[in-house]
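Listed below, chain by chain, are the residues.
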Number of protein chains: 4
Amino acid sequence: MIRAGIIGATGYAGGELVRLLLGHREAEIVWYGSRSYVGEPYASVYQNMFQIVEAECLDDNMEELADQADVIFTATPQGLCASLLQEDILKKTKVIDLSADFRLKDVKIYEDWYKIKHASPQYLSEAVYGLCEINRDQVKKARLTANPGCYPTCSILSLYPLLKEGLVDPATVIIDAKSGTSGAGRGAKTDNLFCEVNENMKAYGVAAHRHTPEIEEQLSYAAGQPVTLTFTPHLVPMNRGILVTAYASLKEKVSEETLRKIYREYYDPEFFVRFLPEGVCPQTKWVEGSNFVDVNVKLDPRTNRVIVMGAMDNLVKGAAGQAVQNMNLMFGLDERTGLMQAPMFP
Amino acid sequence: MIRAGIIGATGYAGGELVRLLLGHREAEIVWYGSRSYVGEPYASVYQNMFQIVEAECLDDNMEELADQADVIFTATPQGLCASLLQEDILKKTKVIDLSADFRLKDVKIYEDWYKIKHASPQYLSEAVYGLCEINRDQVKKARLTANPGCYPTCSILSLYPLLKEGLVDPATVIIDAKSGTSGAGRGAKTDNLFCEVNENMKAYGVAAHRHTPEIEEQLSYAAGQPVTLTFTPHLVPMNRGILVTAYASLKEKVSEETLRKIYREYYDPEFFVRFLPEGVCPQTKWVEGSNFVDVNVKLDPRTNRVIVMGAMDNLVKGAAGQAVQNMNLMFGLDERTGLMQAPMFP
Amino acid sequence: MIRAGIIGATGYAGGELVRLLLGHREAEIVWYGSRSYVGEPYASVYQNMFQIVEAECLDDNMEELADQADVIFTATPQGLCASLLQEDILKKTKVIDLSADFRLKDVKIYEDWYKIKHASPQYLSEAVYGLCEINRDQVKKARLTANPGCYPTCSILSLYPLLKEGLVDPATVIIDAKSGTSGAGRGAKTDNLFCEVNENMKAYGVAAHRHTPEIEEQLSYAAGQPVTLTFTPHLVPMNRGILVTAYASLKEKVSEETLRKIYREYYDPEFFVRFLPEGVCPQTKWVEGSNFVDVNVKLDPRTNRVIVMGAMDNLVKGAAGQAVQNMNLMFGLDERTGLMQAPMFP
Amino acid sequence: MIRAGIIGATGYAGGELVRLLLGHREAEIVWYGSRSYVGEPYASVYQNMFQIVEAECLDDNMEELADQADVIFTATPQGLCASLLQEDILKKTKVIDLSADFRLKDVKIYEDWYKIKHASPQYLSEAVYGLCEINRDQVKKARLTANPGCYPTCSILSLYPLLKEGLVDPATVIIDAKSGTSGAGRGAKTDNLFCEVNENMKAYGVAAHRHTPEIEEQLSYAAGQPVTLTFTPHLVPMNRGILVTAYASLKEKVSEETLRKIYREYYDPEFFVRFLPEGVCPQTKWVEGSNFVDVNVKLDPRTNRVIVMGAMDNLVKGAAGQAVQNMNLMFGLDERTGLMQAPMFP
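If you rotate chain C by 180° and push it 0.0 Å along the axis, it lands on chain A with an RMSD of 0.0 Å. Look at the turn and shift together and you get a two-fold axis relating the two. By residue overlap, the copies meet face to face through one surface: 100% of the interface positions of chain C are interface positions in chain A.

Printed below as a string of structure tokens:
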């Protein structure tokens, strides 16, 4: 039984981790960390857990946690995990960080985009970028896994075969992404009130969103050359779900059938990436509550452009589900353990 | 392994049955019945089941189904199950009917409210009303279970202790219920279009909804006297969830603490009914995707009235989940098997 | 041209006042008061007003405002209007208070339910309860109008004929009300975040909501005897709209046709109350953006109970629209001036 | 007083025309055409118009209509207007067609994309494309105006200055558009049911949507050269609103300030196009119910790409509002007549 501790258990991603780990037959939660609710029953914050979780919220004491847990999940704002991490902790326990602290290898890029000083850059080289489908082997051996961002997970998996195979010109990649509102977190901000989000849609962070360098870094590895791209996120009036629509120009003419064949080669072996039948567009609702990413590709012969679409649940494959998938790999389990739920519809 | 057949597998309740049975370790689905989609892959109708369900939709052949299945679920419009049922079938297999055909013991009341002739009234006395918390022992022995309606499940469980204990005047019971739109089914009607339901709320079926006699019959058994009540359903712009707010006048003064004590006695032993802490109002989102009913009670001392609130997922405890709970009982399993999912939030 | 000043112009009710007054040919806004945004352009808070409103937000200086405005609207939390009001101000200008400060005649009841000390009880007797359809003549002569609460407006207009005509037993009145989320205001609270409200429904303030005594007081006047009732509000995942479903037992048998005739007598002369055709249930969407209240009544002969339904836009007839209607009356205009917009659908 | 007839008055665009014309002081509706509801009171279809519209629905008799009306709006599926139009009609009355029949000058392109034969191609050269901000002078003289599509209106106005000024490479234009569900019409289709759309998002018509050639034709006029582009529409769970996010590569380096200056030159004189302040992203809710299009532009210096955003109400500026604006121009009125409503928020 893997003893799991969660720091930040009362955010939306933390709450989803609790839901998933409760259904995981090889794991148990030993620490519900939440600085804001120390001493309160967890189920009084998330009433869905009434009579399911009896525990109270604890503070973010990572040293004590390291003694009690085999794995620590940090589902906290940027900077916290980096500020608490020490060799002592990593010697005792594994860490899966759901924040951005260890996703970017270049500390300067991190500090430029996140506007904070990195408190433990010495672990950047060791940290494994936990996009399981791409880095499965490294994750298996990791002590410290950087759980990918929600937008990056969906964007990278959607575009990966195109760049890995060198089919498209990296300079033409544009990612237009749409996210449900749980991605904005549980902080009490006017912008995230029901009446401000409902019946509304907007872009935000245009040409400036912090997931941009993360996507670029990973796609650069795939392409074998630096990729600079345009990424535009949008806020959508729904709780969960990310939809990515990405565009890229083909280097030379390729048939849609060839494109489909390549995607099948990449994703038929992957349980959590479902490459959809021809003509079926991914819908966020079809993956809700599950760890699946649905992907499809369409050729626009008039412009010689490829349009790739990806849909996933931002709290599952985009956060807590992928974290559990990483945990499974790090502890030698089947990566699907605890993640076999069918999506819920409607 | 229980072999389960579903007639009406492409309605919303049928789809939910599929989702739940897929996660049930003692059952397997052997028949995806859907007259509208015969021959089409089930996963082309419910794309969430892509790469999970490989089967095609089959016709509503109940005789053939009886040979292949240990249990048949009928998630179909009123009248169909009654028209197909025969002794031959019941000798070979168990039937759980999610329609209203076998819920009312009095065929005249059925025909008055449903405006159709009952095709097999001879099974009315045998059929067990499958509200597990109340009729658990009969369900265990049943060949034919009438799975309760969504509104009745939530209404009856909310009010049951009050009437069973004779605390309230049955003539004063009023049930004001609110339901998400999946309760209206998947038929293509203008009234259920997104733009007609969204940002809108209305009552419907006022003083005439067909769940009224079902609630009255069951509460009459509890009260030991005939109960006639007012029931008003409302349509709410959300996918899932039923919220019941019910009112009744106390026969004599009772303290809120006494009321709470009585509810605890009834529901502390029940896994799927969660009697909430004082002052916490049930919310539909806190039970979404799960088989829980959350209940609370509040005394209004100014009017000597009790206000009872109940919340549940109409597709789970209000339909497919309760059907699985009934199946578990009918086959001697722990009734919670396959129904332990924590609610999903947000 | 009526010069209007608004204190609290950046709340949702204040914003709606701005929208309505901008379309009012006899009024102009001279003061956009908002303590939180002093000095900021109003259109930077409410971007819908970009290039429409050029003014900046001003402080809540009621004395200075009284010199500049013919009428002051206070769309502020309870207590503020009472604390600022003075004879000097009322000599210079008229005041329409959208808070609850002057709605209840009995200061003790106000202080009991609102838990604050009333700062100017000397104006309680003078203040007119501005439910125009009922108190039209007094409003015309008022210096100080207490604009009714949203729930009370819809509840009272729905039930008024029944109590005025003595048809129902006042002790049996139950009001089950449902409101869109704008009624909760624009404060940044976790409970009002999109992800907490969306796909969710709950009761709140059960047996304790502060609109209860307001409804009781007005219905007592109608009934000519004290009315004590049960009022239960619910939060619904939509921006705008209140739906009231109210129940009361008939003193003696009355036909539905008689009930309909009585309602027609009361409401045929009223432009803003639309008594709907038989069998048509009010829907909040059918009145959105307008000052209408849609009402209908249904007899439940099985229980001898009347079910009354009312729907309105909580920000218009429930707040800003009624305030403008009151202003029109106080300044001798046709009460419909600036309020003739047809509801917007969908 | 302009006598207006509407064919297709019970679709969503037709209903919005009714709402707007009812508030237009120079127009009156003389014909509510709706083949599906002939003989039924209009207000029984759209209950929001109860006690506002007394008329019954009439058939689609364009010849008789031409005798009674000064202007005919056709808010009907593709093909109908073209099939009914004749010289006799155009001699008696003006026609504003909200369908696509007269938007494309090249009949072959129309027939290729719409898969129907054009019944009156002889009027294609006469018809004026009614995007008022661009073709204002021709609209003033038109007998027959082709009211632009919803996506084209928002897309073209967002991109126009870039192409007209030759700042971007036309081959790089990509339009990623998002629409509320009213754009899908009021037909009773499973895909548009509340439960299928709510909490969901998807692309549709990828590389194949029929608004593509319309956008291309108009942007080609602006660019002075053929423009071939990629256009991807998406369905969003909201009633109203279109958000366009468009991408194009600059031919040479231009500062954001220069871009902003150019946009200001184009749109400062335009009442209905609001070029937003730097850093403010358009939101669909900020224009709801109004005829405004909110536009902003952002330079992505890392990729030398321009990102343009546009938001409007698809039923107003994207359909009925623009039709009224066209009517105003065709009858010599101020184009803003009847269209001065401030957007409604929230």
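In this complex, chain A contributes 50 residues to the contact, which on the side of chain D involves 50 residues. Regarding the contact of chain A and chain D, the summed buried area is about 4,000 Å², with carbon and sulfur atoms giving 57% of it. Taken as a group, A:Glu199, A:Met201 and A:Arg302 account for 17% of the area that chain A buries against chain D, more than any other trio of residues on that side. Joining chain A to chain D, the criterion identifies 4 salt bridges. Linking chain A with chain D are 32 residue pairs in polar contact (both at pLDDT 80 or more), by the criterion used here. The element best represented in the side of chain A that touches chain D is strand 7 (residues 174–179) of chain A, accounting for 4 residues. When grouped by side-chain class, the residues that make up the side of chain A that touches chain D number 24 nonpolar, 13 polar and 13 charged.

All right, on to the confidence of the model for chain A then. For chain A, the mean per-residue pLDDT works out to 98, and 100% of the residues sit at or above 70. In the predicted complex, the global pTM is 0.98; the interface-specific ipTM is 0.97.

A word on the relation of the copies chain A and chain D. Superposition record for chain A on chain D: RMSD 0.0 Å, screw rotation 180°, translation along axis 0.0 Å. Take the interface residues of chain A: 100% of them recur as interface residues in chain D, which is what a same-surface contact looks like.

Turning our eyes to something else, we now look at the sheet that holds strand 8 (residues 202–203) of chain A. Adjacent strands of a sheet pair through backbone hydrogen bonds, lying either parallel or antiparallel. Residue and element names in this part refer to chain A. Spatially, the 7 strands line up as an open sheet ordered 8-9-7-10-13-12-11, and their pairing is mixed. Looking along the sheet, the strands with just one partner apiece sit at the ends: strand 8 and strand 11 (273–275). Pairing analysis gives 8 bridges linking strand 12 (residues 293–300) to strand 13 (residues 305–312), with the strands arranged antiparallel. When the bridges of strand 13 are listed, Leu 299 appears paired with Val 306.

With that settled, the discussion passes to the sheet that holds strand 2 (residues 27–33) of chain B. Within the open sheet, the 6 strands sit side by side as 2-1-3-4-6-5 (chain B). Their pairing is parallel. This sheet does not close on itself; its edge strands, each paired only once, are strand 2 and strand 5 (128–129) of chain B.

For helix 1 (residues 12–22) of chain D, the buried fraction is high: 9 of the 11 residues fall into the buried class. Among the residues of helix 1 of chain D, those classed as buried are D:Tyr12, D:Gly14, D:Gly15, D:Glu16, D:Leu17, D:Val18, D:Arg19, D:Leu20 and D:Leu21. Elements that come into contact with the buried residues of helix 1 of chain D comprise helix 9 (194–197) of chain B together with strand 1 (2–7), strand 2 (27–33), helix 2 (42–45), strand 3 (71–74) and helix 12 (316–330) of chain D.

Every regular strand shows the same layout, with side chains that alternate between the two sheet faces. Residue and element names in this part refer to chain C. Both strand 3 (residues 71–74) and strand 4 (residues 94–97) contribute to a ladder of 4 bridges, which runs parallel. Its bridge partner lying in strand 4, Thr 74 is registered against Asp 97. As judged from the 3 bridges shared by strand 4 and strand 6 (residues 144–146), these two strands associate in the parallel manner. Across the sheet, residue Ile 96 finds its bridge partner in strand 6, namely Thr 145.

Our next topic: the interface of chain C and chain A. Each side of the interface is counted separately: chain C has 19 residues, and chain A has 19 residues. Roughly 1,700 Å² of surface becomes buried between chain C and chain A when both sides are summed, with 59% attributable to carbon and sulfur atoms. Residues C:Arg186 and A:Glu196 are paired through a salt bridge, measuring 2.9 Å at the closest nitrogen-oxygen approach. Here chain C and chain A share 8 residue pairs in polar contact (both at pLDDT 80 or more) between them. The element that contributes the greatest number of residues to the side of chain C that touches chain A is helix 9 (residues 194–197) of chain C, accounting for 4 residues. Within the side of chain C that touches chain A, the residues separate by chemical class into 8 nonpolar, 7 polar and 4 charged.

Quick look at the packing of aromatic side chains now. Counted under the stated rule, the structure contains 58 aromatic pairs over all chains. Judged by centre distance (5.9 Å) and plane angle (80°), the ring pair of D:Tyr160 and D:Tyr266 falls under edge-to-face. Of this pair, D:Tyr160 sits in helix 8 (residues 150–164) while D:Tyr266 sits in helix 11 (residues 256–267), placing them 106 residues apart in sequence. Ring pairs connect the aromatic residues A:Tyr12, A:Tyr32, A:Tyr42, A:Tyr46, B:Trp286 and B:Phe345, which therefore count as one cluster. When the ring centre of A:Phe292 is taken as reference, the NZ or CZ atom of A:Arg274 above it lies at 4.3 Å. Above the plane of the ring of B:Phe331 lies B:Lys94, whose end atom (NZ or CZ) is 5.6 Å from the centre.

What counts and what doesn't
Residues numbered from 1 in each chain as written. Chains lettered and ligands numbered in written order. Predicted model: local features only at pLDDT ≥ 70, side-chain atom pairs only at ≥ 80, totals over all residues. Heavy atoms only, no water. Least-squares fit on C-alpha atoms with pLDDT ≥ 70 in both. Contact = heavy atoms within 4.5 Å. Buried area = accessible area lost by both parts, 1.4 Å probe. Salt bridge = Lys/Arg side-chain N within 4 Å of Asp/Glu carboxyl O. Polar contact = N/O pair within 3.5 Å; in protein donor to acceptor, adjacent residues only side chain to side chain. Helix = DSSP H or I, 4+ residues; strand = E, 2+ residues; numbered from the N terminus. Nonpolar A, V, L, I, M, F, W, Y, C, P; charged D, E, K, R; others polar. pLDDT = per-residue confidence, 0-100. Pairing = 2+ DSSP bridges. Buried < 20%, exposed > 50% of the residue type's maximum accessible area, 1.4 Å probe, protein only. Phe/Tyr/Trp six-rings, centres within 6.5 Å; stacked < 30°, edge-to-face > 60°. Lys NZ or Arg CZ within 6 Å of the ring centre and 35° of its normal.

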